[in-house]
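# Coordinates in review
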Amino acid sequence: MTHDVKEIFAGEAPPAPAALAAKVRTLAPSMTRSMQRVAEAVAGDPAGCAALTVTGLAELTGTSEATVVRTARLLGYPGYRDLRLALAGLAAQQQSGRAPAVTADIAVDDPIADVVAKLAYDEQQTLADTAAALDMVQLGAAVTAIATARRIDIYGVGASGLVAQDLLQKLMRIGLIAHAHSDPHLAVTNAVQLRAKDVAIAITHSGSTGDVIEPLRVAFEHGATTVAITGRPSGPVAQYADHILTTSTARESELRPAAMSSRTSQLLVVDCLFVGVAQRTYETAAPALSASYEALAHRHSPRSGR
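Procedures and definitions
- Going along each chain's sequence as written, the residues are numbered from 1 onward.
- Totals for whole chains, interfaces and linings use every residue, but because this is a predicted model, local features are given only for residues with pLDDT of at least 70 and side-chain atom pairs only at 80 or more, for both listing and counting.
- With hydrogens and water stripped out, all remaining heavy atoms of the structure feed into the side-chain values.
- The salt bridge definition used is simple: a Lys or Arg side-chain nitrogen within 4 Å of an Asp or Glu carboxyl oxygen.
- In DSSP terms, a helix is any run of H or I states spanning at least four residues, a strand is any run of E spanning at least two, and both are numbered starting from the N terminus.
- Buried residues are those whose accessible area, probed at 1.4 Å on protein chains only, stays under 20% of the maximum for their type, while exposed residues exceed 50% and partly exposed ones sit between those limits.
- Where helices are involved, their axes are fitted lines through C-alpha atoms of the stretch in contact, as for all axes, and angles between N-to-C directions lie from 0 to 180°.
- Should an angle lie under 35 degrees it is considered roughly parallel, over 145 roughly antiparallel, and from 65 to 115 roughly perpendicular; all remaining angles are considered oblique.
- What makes two residues a contact is simply this: any of their non-hydrogen atoms within 4.5 Å.
- Side-chain classes follow a simple rule in which Ala, Val, Leu, Ile, Met, Phe, Trp, Tyr, Cys and Pro form the nonpolar group, Asp, Glu, Lys and Arg form the charged group, and the remainder, Gly included, forms the polar group.
- Pairing between two strands requires that DSSP report at least two bridges joining them.
- Handedness rule for crossovers: strands pointing away from the viewer, path from the first strand over the helix to the second running clockwise, crossover right-handed.
- By this rule, a helix spans an expected 1.5 Å times one less than how many residues it contains.
- In the analysis that follows, any N or O atom pair within 3.5 Å is treated as a polar contact, provided that within protein one partner can donate a hydrogen and the other can accept it, and provided that, for residues neighboring in sequence, both atoms belong to side chains.
- The pLDDT value expresses, per residue, how confident the predictor is, ranging between 0 and 100.

## Describing the pattern of salt bridges
Within the structure shown, the criterion is met by 8 salt bridges. Residue Asp 198 is joined to Arg 150 by a salt bridge in which the shortest nitrogen-to-oxygen separation is 2.8 Å. In this pair, Asp 198 is assigned in the loop between helix H10 (184-191) and strand E3 (199-204) and Arg 150 in the loop between helix H8 (136-147) and strand E1 (152-155), connecting sequence segments 48 residues apart. We classify Arg 150 as partly exposed; its relative accessible area is 46%. Arg 217 is the salt-bridge partner of Glu 221, the closest N and O atoms lying 2.8 Å from each other. Here Arg 217 and Glu 221 lie together in helix H11 (residues 210-221), a separation of 4 residues that amounts to about one turn.

## Brief notes about the packing of helix H4 (residues 54-61) against helix H5 (residues 65-74)
Packed helix pairs are specified by the crossing angle of their axes together with the interaxial distance, meaning the distance between the axes. Remark: H4 packs on H5, axes separated minimally by 8 Å, with the N-to-C direction vectors making an angle of 100 degrees. The angle between H4 and H5 falls in the class roughly perpendicular. Residues Val 54, Thr 55, Leu 57 and Ala 58 of H4 form the contact with H5, whose own contacting residues are Glu 65, Val 68 and Val 69. Class assignment for the residues of the contact of H4 with H5 results in 5 nonpolar, 1 polar and 1 charged.

## Remarks on the pairing of strand E2 (residues 178-181)
Of the strand pairs in this sheet, E1 and E2 are connected by 4 bridges, and their pairing is parallel. Among the inter-strand pairings, Ile 152 is bridged to a residue of E2, identified as Ala 178. Handedness of the β-α-β unit built from E1, helix H9 (residues 159-173) and E2 comes out right-handed.

## A word on H9
Helix length check: H9 (15 residues) gives 22 Å between terminal C-alpha atoms against 21 Å at 1.5 Å per residue, within 8%. Where H9 is concerned, the buried positions are Ser 160, Gly 161, Val 163, Ala 164, Asp 166, Leu 167, Leu 168, Lys 170 and Leu 171. Remark: Gly 175 follows H9 within two positions and exhibits a positive phi of approximately 85 degrees.

## Some points on the side chain of Thr 204
By the secondary structure assignment, Thr 204 is in strand E3. Engagement of the side chain of Thr 204 in a polar contact is seen with the side chain of Thr 209, the distance being 2.9 Å. With sequence-adjacent residues up to four places away left out, Thr 204 is seen in contact with Ser 160, Thr 209, Val 212, Ile 229, Thr 230, Gly 231, Val 237 and Gln 266.

## Thoughts on the sheet that holds E3
Reading across the sheet, the 5 strands line up as E2-E1-E3-E4-E5 and stay open at both edges, with parallel pairing between neighbours. Where the open sheet ends on each side, the last strands, each with one partner, are E2 and strand E5 (243-246). Averaged over all pairs of adjacent strands, the angle between their axes in this sheet comes to 15 degrees, without regard to strand direction. Where E1 and E3 come together, 4 bridges link them in parallel fashion. By the bridge assignment, Ile 154 is partnered in E3 with Ile 201. The strands touched by H8 within the sheet are E1, E3, strand E4 (225-230) and E5, with E5 carrying the most contacts at an inclination of about 120 degrees.

## What about the confidence of the model for the protein chain?
Caution applies to low-pLDDT parts of the model: their predicted coordinates are not meant to be read in detail. The predicted model of the protein chain has a mean per-residue pLDDT of 85, with 85% of residues at 70 or higher. By mean pLDDT, the top-scoring element of the protein chain is E1 (98), and the lowest-scoring one is helix H1 (residues 17-27) (72). Taken as a whole, residues 1-11 scores under 50 in pLDDT and shows 22 contacts with residues more than four places along the chain or in a different chain. Under a pLDDT of 50 for its full length, residues 98-102 has, in the predicted model, 8 contacts with residues more than four places off or in other chains.

Below you can see the structure in the form of structure tokens.
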């Protein structure tokens, strides 16, 4: 059994104003340079851009009207008019104080107190962006598939491999049969065993990690339900994913690699998946979780003196 490859954004509703800035940050790295200029302009000055016609925004960004329209559509809007309405809504939120300005990058000579403040802000923004951009329909479908799965395989390497291990231990503690693979050879050899009642989950911030895409492709072609947790929903991993859960990431800088913030947003998505699955399987999940707590309790208690 195989699945039909689908359009990534087909049928999606336009993002709400609160989610626009998050979507810009998520998609900008995969855009052309001219589209990036448009996206950066609307995210940086929503009030100013909301007042511009499509021609005005094209002139401001040194691009064309066609580029402006393509950027609006990539961000999830049917046309530029819809984007302008969202920009006006975002501008109103910023004026009311609900959308703080983005902090500067960390500098080599920053005092440690400034480093802590900037990191804390970036982490908060990353989590807020991920929550705002997360598709609830896709999340719900992924939760349903995992909750009813015969077996769950999770693929991730590097920092994403740590997130895969986190999801594994959560699922195992509520009694589900799950495996996490960071070795690409083991991942593929296990993927060929998956069938229609199984689930395969790929975790890749870039959306183009070959060692993660290959086992997902094999699982997809063998009929398993496939889920991608990725910061690039238009990346190669998407063509083998039934459900795509988009993560956000803070801006990468010299002293703060993308892996740090991408892992934060991935862990949020993993927690959302886990809680959703635990809710769906509560009658069996609650006793299993209690049993795991009891089995480990003695390891967290002071040893009695002898």
